[in-house]
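Spelled out from the first residue to the last, the chains are:
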Amino acid sequence: MTVGADAVLQPTMVGARRGVLRRVVDWAPAIAVAVGFILVWQAAITVFDIKRFILPAPFAIGGAFITYFSEVWAAASYTATEAVGGLAIGVTAGLLVGLLTARSVGVRESLLPFAIAINSIPIIAFAPIMNNWFGLANPMSKMMIAALLVFFPVMINTVRGLTSVDPAALELMRSVAASNMTVLRKVRIPNALPY
C-alpha cells in the first residue's frame, strides 16, 4: 500500500503554519509597541504644533527617506564599507598582536598596560591624527578609526583568553609532550573563544 504525497505533506504544512503563527504571536507585542510609538509621536507633533526643524514627524521622515533613497543608499553603503573594512583590519591586527603578546611574559607585562591606557583615550582624539595621516576624504582614515575602536579590546581579550588557561590542562599537554603549536590549537585558542 502506497501513501499519497498529500498524506505526507499534510503534517509538514500544518507544522509550518504553526511555526509561522507562533512567530507572529511572539513578534506581535514588539510590533504593536513600535506602531504605537510612531502614532503617538505623529499625534504629539500635530497636537502640540512642534516645528519641523525641532522634531520632524515620522511620516515626513518616511517620505523623505523614500524620496531620497538613492542618496541615502549611496551614503549608507559608503559608511558600511568603511565600518566593515575597519572591523576587518582591527580584528585581524588585534588577534595577531594578541597571539604574539601572549607568547612572552615580558612583552605582555610591558605592552598590556599601554594597550589598556590607549584604549581609554576617547576615539575623537585619534580622528584628527588619522585625517592628517590618510587625508580627510580618504576612506582609509575612517577605516583606521574603526580599526582602533576594535583593535585594543580584541587584543586585550585575546591575551587574557590565551593566558588564563587552567594550569592542569597545560600540565597535561606537557605530560604528553605536546608541541607549543598543539597546546595553542587544542587548549589556548578554545579557552580564548569566550573572551
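Fair warning: this is a prediction, and the values are worked out from it, not measured in the lab.

## Quick look at the packing of helix α7 (residues 167–175) against helix α8 (residues 180–192)
- Here α7 crosses α8 at 150°, and the two axes come no closer than 11 Å. In terms of axis orientation, α7 runs roughly antiparallel to α8. The hand of the α7/α8 crossing is right-handed. Mapping the contact onto sequence places A169, L170 and M173 in α7 and T182, V183, K186, V187 and R188 in α8.
- The residue inventory of the contact of α7 with α8, partitioned by class, reads five nonpolar, one polar and two charged.

## Overview of the nonpolar core
- Of all hydrophobic cores here, the largest spans 12 residues; its members are L112, A115, F126, A127, M130, I145, L148, F151, F152, M155, I156 and V159.
- Taken together, the elements giving at least two residues each to this core come down to α4 (105–119), α5 (127–134) and α6 (139–163).
- The leading source of residues in this core is α6, at seven residues.
- Formed by five residues, the second largest nonpolar core is a distinct cluster that contains L170, M173, V183 and V187.

Conventions adopted
Residues numbered from 1 in each chain as written. Predicted model: local features only at pLDDT ≥ 70, side-chain atom pairs only at ≥ 80, totals over all residues. Heavy atoms only, no water. Axes fitted to C-alpha atoms, helices over the stretch in contact; angles between N-to-C directions. Helix = DSSP H or I, 4+ residues; strand = E, 2+ residues; numbered from the N terminus. Parallel < 35°, antiparallel > 145°, perpendicular 65-115°, else oblique. Left-handed = near helix turned anticlockwise from the far one by under 90°. Contact = heavy atoms within 4.5 Å. Nonpolar A, V, L, I, M, F, W, Y, C, P; charged D, E, K, R; others polar. Core = buried A, V, L, I, M, F, W, Y, C linked by side-chain atoms within 4.5 Å. Buried < 20%, exposed > 50% of the residue type's maximum accessible area, 1.4 Å probe, protein only.

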